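What follows is each chain in one-letter form.
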Amino acid sequence: MKKIIITVVGKDAVGILAKTCTYLAKNNVNILDISQTVTGGYFNMMMIADAAKCRKTFDKLGTELAKLGNELGMRIRCQKSEIFEKMHRV
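None of these values were measured; they are calculated from a predicted model. (Residues numbered from 1 in each chain as written. Predicted model: local features only at pLDDT ≥ 70, side-chain atom pairs only at ≥ 80, totals over all residues. Heavy atoms only, no water.)

Asks: What am I meant to see in the overall build of the protein here?
Replies: Within the protein, the regular secondary structure consists of 3 helices and 4 strands. When the helices and strands of the protein are listed from N to C terminus, the series reads β-α-β-β-α-β-α. Over its C-alpha atoms the protein spans a radius of gyration of 13 Å, differing by no more than 12% from the 12 Å that the globule rule assigns to 90 residues. With the C-alpha coordinates aligned to their principal axes, the bounding extent of the protein is approximately 35 × 35 × 20 Å. When each of the 90 residues of the protein is scored for burial, the buried share is 36%. Taking the intrachain contacts of the protein between residues at least 6 apart in sequence as the baseline, contacts between residues at least 24 apart amount to 65%. Within the structure as shown, the protein displays about 6000 Å² of accessible surface, and the carbon and sulfur contribution to it stands at 53%. Across the protein, 15 positive and 8 negative side-chain charges occur, with their mean positions spaced 3 Å apart. (Helix = DSSP H or I, 4+ residues; strand = E, 2+ residues; numbered from the N terminus. Rg over C-alpha atoms; globule rule 2.2 N^0.38 Å. Buried < 20%, exposed > 50% of the residue type's maximum accessible area, 1.4 Å probe, protein only. Contact = heavy atoms within 4.5 Å. Areas by Shrake-Rupley, 256 points an atom, 1.4 Å probe, with all protein chains shown as cover. Lys, Arg positive; Asp, Glu negative; His and termini not counted. Charge placed at Lys NZ, Arg CZ, Asp CG, Glu CD.)

Written as structure tokens, this is what we have:
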């Protein structure tokens, strides 16, 4: 398994979840867990996903997700899960 963390933040609008999930499905990225909230008109989502079957490099996936975020007026970031696991090891 190749876990990644995807965060999506910005002003709420129709289709954010659908477009993000469609992109991931087309790239063989499996969503393992998802959490989303809308507070004061702002959308916040975090996903834990498995990118083991994705044929794109991690950098390419991150770049394309960021581009999708720009198209949606959102900020989408993709990070390797190892960063979070090492940060919370203390």
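Having seen the model, we can carry on.
Asks: How do you make sense of the pairing of strand β1 (residues 3-11) when you look at a structure like this?
Replies: On a regular strand, each side chain points to the face opposite its neighbour's, so the side chains alternate between the two faces of the sheet. Pairing between β1 and strand β3 (residues 42-50): 9 bridges, direction antiparallel. When the sheet's bridge partners are listed, Lys-11 is paired in β3 with Tyr-42. Bridge count for β1 against strand β4 (residues 74-80) is 7 bridges, and the pairing is antiparallel. Within the sheet, the bridge partner assigned to Ile-5 lies in β4 and is Gln-79. (Pairing = 2+ DSSP bridges.)

Asks: How should the sheet that holds β3 be read in this particular structure?
Replies: Remark on secondary structure: sheet strands pair via backbone hydrogen bonds, oriented parallel or antiparallel. Within the open sheet, the 4 strands sit side by side as β2-β3-β1-β4. Their pairing is antiparallel. The sheet is open, and its two borders are formed by β2 (30-39) and β4, each paired with just one other strand. The mean inter-strand angle of the sheet, taken between neighbouring strand axes irrespective of direction, is 10°. Contacts from helix α1 (residues 16-26) reach β1, β2, β3 and β4 within the one sheet, and its direction differs from that of β3 by about 20°. Lying over the sheet, helix α2 (residues 58-72) contacts β1 and β4, oriented at roughly 165° with respect to β4. (Axes fitted to C-alpha atoms, helices over the stretch in contact; angles between N-to-C directions.)

Asks: Where do I start with α2 in this structure?
Replies: Here α2 contains 15 residues, and its C-alpha end-to-end distance of 21 Å stays within 8% of the 21 Å for a straight helix at 1.5 Å per residue. Within α2, the full set of buried residues consists of Phe-58, Leu-61, Gly-62, Glu-64, Leu-65, Leu-68, Gly-69 and Leu-72. Each buried residue of α2 lies within a common arc of 165° when the element is viewed along its axis, so the set occupies one face. Among the exposed residues of α2, those oriented more than 90 degrees off its buried face are Asp-59, Thr-63, Lys-67, Asn-70 and Glu-71. The elements touched by buried residues of α2 are β1, α1 and β4. (Expected span 1.5 Å × (residues − 1). Arc of directions from axis to C-beta.)

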